[in-house]
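Chain and residue survey
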Amino acid sequence: MIETDVLIAGFGPTGATLAALLGQAGVKTLVVERDHEVYRQPRAAHFDHEIMRIWQKLNIAEAVLPSTREMYQYEFRCAAGEPLIQFDQRGRAAPSGWAPSYMFHQPALEEALRARVDQLKSVTVHLGASIASIERNDETGVNATVTIDGKPTQVRAKYLVGADGGGSLTRRLIDGELFDYGFDEPWLVIDTIVKHEEGLPPFGVQMCDPKRPTTVMPMAPLRRRWEFMLKAGETPEEMLDDKRIATLLAPWIKPGQAEVIRKAVYRFHGLVAKTWRNASVLLAGDAAHQMPPFMGQGMCSGIRDADNLAWKLIAVLRNEATPRLLDTYQAERDPHVRFIIEAAIGMGRVVCVLDEQAAHMRDQGMKAAKGDKVDPMPGLPGINGGCLTKSNRAGELFPQTMQACTTTGLCGRFDDLAGEGFWLITRDSAPSMTQANVRHIDLTRDITDETGRLDEWFETTGAEAVLVRPDRYIFGTGKTDELIAALETQMRA
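Residues numbered from 1 in each chain as written. Predicted model: local features only at pLDDT ≥ 70, side-chain atom pairs only at ≥ 80, totals over all residues. Heavy atoms only, no water.

Counting its secondary structure elements, the protein chain contains 13 helices and 26 strands. Against the compact-globule benchmark of 23 Å for 493 residues, the protein chain has a radius of gyration of 24 Å, which places it among compact chains. Of all 493 residues assigned to the protein chain, the portion counted as buried reaches 56%. Long-range pairs, those at least 24 residues apart, make up 72% of the contacts in the protein chain between residues at least 6 apart in sequence. When the 56 positive and 66 negative side-chain charges of the protein chain are each reduced to one mean point, those points stand 2 Å apart. (Helix = DSSP H or I, 4+ residues; strand = E, 2+ residues; numbered from the N terminus. Rg over C-alpha atoms; globule rule 2.2 N^0.38 Å. Buried < 20%, exposed > 50% of the residue type's maximum accessible area, 1.4 Å probe, protein only. Contact = heavy atoms within 4.5 Å. Lys, Arg positive; Asp, Glu negative; His and termini not counted. Charge placed at Lys NZ, Arg CZ, Asp CG, Glu CD.)

With 15 residues, helix α10 (residues 356-370) should reach 21 Å at 1.5 Å per residue; the first-to-last C-alpha distance of 21 Å fits that figure. Considered for burial, the residues of α10 that qualify are Ala359, Arg362, Asp363, Met366 and Lys370. For α10, the arc enclosing every buried residue in end-on projection is 100°, short of the 170-degree limit, so these residues lie on one face. The exposed set on the far side of α10, more than 90 degrees from its buried face, consists of Gln357, Met361 and Ala368. On the buried face of α10, the contacting elements are β5 (73-78), β6 (83-88), β13 (204-208) and α9 (327-351). The N-cap residue of α10 is Asp355: its side-chain oxygen and the backbone nitrogen of Gln357 are 3.1 Å apart. (Expected span 1.5 Å × (residues − 1). Arc of directions from axis to C-beta. Polar contact = N/O pair within 3.5 Å; in protein donor to acceptor, adjacent residues only side chain to side chain.)

If you walk through the whole model with that rule in mind, you get 16 aromatic pairs. Between the aromatic rings of Phe268 and Phe294, the centroid separation amounts to 6.0 Å while the plane-to-plane angle is 85°, which identifies the pairing as edge-to-face. With Phe268 in strand β16 (residues 258-273) and Phe294 in the loop between β19 (289-290) and α8 (298-317), this pair connects stretches of sequence that are 26 residues apart. Across the pair, Phe294 and Phe268 agree in class, each one buried. A ring pair is formed by Phe414 and Trp423, whose centres lie 5.4 Å apart and whose planes are at 75°; its orientation type is edge-to-face. Across the pair, exposure class does not vary: Phe414 and Trp423 are buried alike. Site record: aromatic cluster; members linked through ring pairs are Phe398, Phe414, Trp423, Trp457 and Phe458. Over the aromatic face of Phe179 sits the side chain of Arg338, whose NZ or CZ is 5.0 Å from the ring centroid. Stacked on the ring of Trp423, the Lys or Arg Arg472 has its end atom at 3.7 Å from the ring centre. (Phe/Tyr/Trp six-rings, centres within 6.5 Å; stacked < 30°, edge-to-face > 60°. Lys NZ or Arg CZ within 6 Å of the ring centre and 35° of its normal.)

For the rest of this paragraph, the subject is the sheet that holds strand β7 (residues 101-104). Strand pairing in a sheet is mediated by backbone hydrogen bonds. Such pairs are either parallel or antiparallel. With antiparallel pairing, the three strands of this open sheet are ordered in space as β3-β7-β4. In the strand order of this sheet, the two ends are held by β3 (46-48) and β4 (68-70), each with one partner. Between one strand axis and the next, the sheet turns by 30° as a mean value, whatever way the strands run. Of the strands in this sheet, β3 and β7 are in contact with helix α2 (residues 49-57), which crosses β3 at around 80°. (Pairing = 2+ DSSP bridges. Axes fitted to C-alpha atoms, helices over the stretch in contact; angles between N-to-C directions.)

To continue, consider the state of the cysteines. Overall, the coordinates contain one disulfide when judged by the stated rule. Residue pairing for Cys405: its cysteine sulfur links by disulfide to Cys411, the two sulfurs lying 2.0 Å apart. Here the S-S torsion is close to 110°, and the disulfide linking Cys405 with Cys411 is therefore right-handed. The class of Cys405 is buried, set by a relative accessible area of 13%. Unpaired in this structure, Cys300 has its nearest cysteine sulfur neighbour in Cys387, at a distance of 20 Å. (Disulfide = S-S within 2.5 Å.)

Function cannot be read off these values alone, since they describe shape.
See below:
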């Protein structure tokens, strides 16, 4: 019998991020993954500033950066190439301090995550292993049979997290039902390496062409992705033919400019698990939700799951909170995920119009509404469920300044200087109440923001103090002692 605090099924980006976050806190963690190595071809294509901030927390941001490119623009175009919608993020500050959006190469990211996990002594990873069954699941823990090196092994864990993808066995073992949004469209996805990028758009483009809706996306440097919607009567087999692919790519690239490295047909759909927690079993990433790619938030949502769940598991395992804190996991993440899915489906319904008359009417309406306007990228909502929701700014991301200094002269990113755990941030007051897992930071004494951005934030908010959670969402703003008391109430509820 192997005993562990947390058993994680799946070692993709979501499972690896969760394992690293738990491992950094010293939580005894066992990860099982059926594949023996990182999948060598790209799958996810985009992540945003919040996700880079999480990887900053794991000390892998610099390792990830070389396989990324910043993306500031995204356009929807009609068949003639005229813009219907233009999103532009240039000159706009992202709350997390990093660039608003990144395109990236997933294998390089996964290697960086696994290298970080390898450094953590409390985490054990078994590749070529998987969960076979769950014999017991109650509030005291989980008994599971895990196949390791071809042999059945009994594992006792306080918590099991299924991060094992869209076909999640973990979800099926707890009889997890899925809510289906009824959006189901087949698309051909083609990944390429290009010799040069001459003539290719430097940003993401959605071609709303009724003859063939098409997506063109830059990935990591010299990598490009095309997505082509399948029409009625077309089969995956005929669309995967090399000659058909060459014909589809011909309008975009010159002969010999690109090498196809991956081709696959996917069904773009929206699904959400109805229950994310069953006693001591929880779901994360694609096991809990799947979404069309039009918002570029599929992997991002799984990483947010991991960050949200990690600090709550850590608090419960350290007896800093009761297990009821885990009830806030789905309460916070489910509405956030549904917002993204519904927005992505809305974008998909704009793109996937195949009737030429309907497409013409769409184009005319969108052009009239657009005019010369360039919009910021659609923002994401905050969270509810684990915050003082009646408090100003509660549930928002707390901003990170990239130029801060301590009184000892150490300078760098605010998060790195402030450290892990909860922060109670003030400018001229100190709490009379204290809590062991909350660090008090005085911006006039402990850490100063060289940019003045945090002072401006406090002036705008008008708060005496802000209490920031470990996932960098704002628990609440107000008076110091009231914030500490409210946090204690929630953690001990």
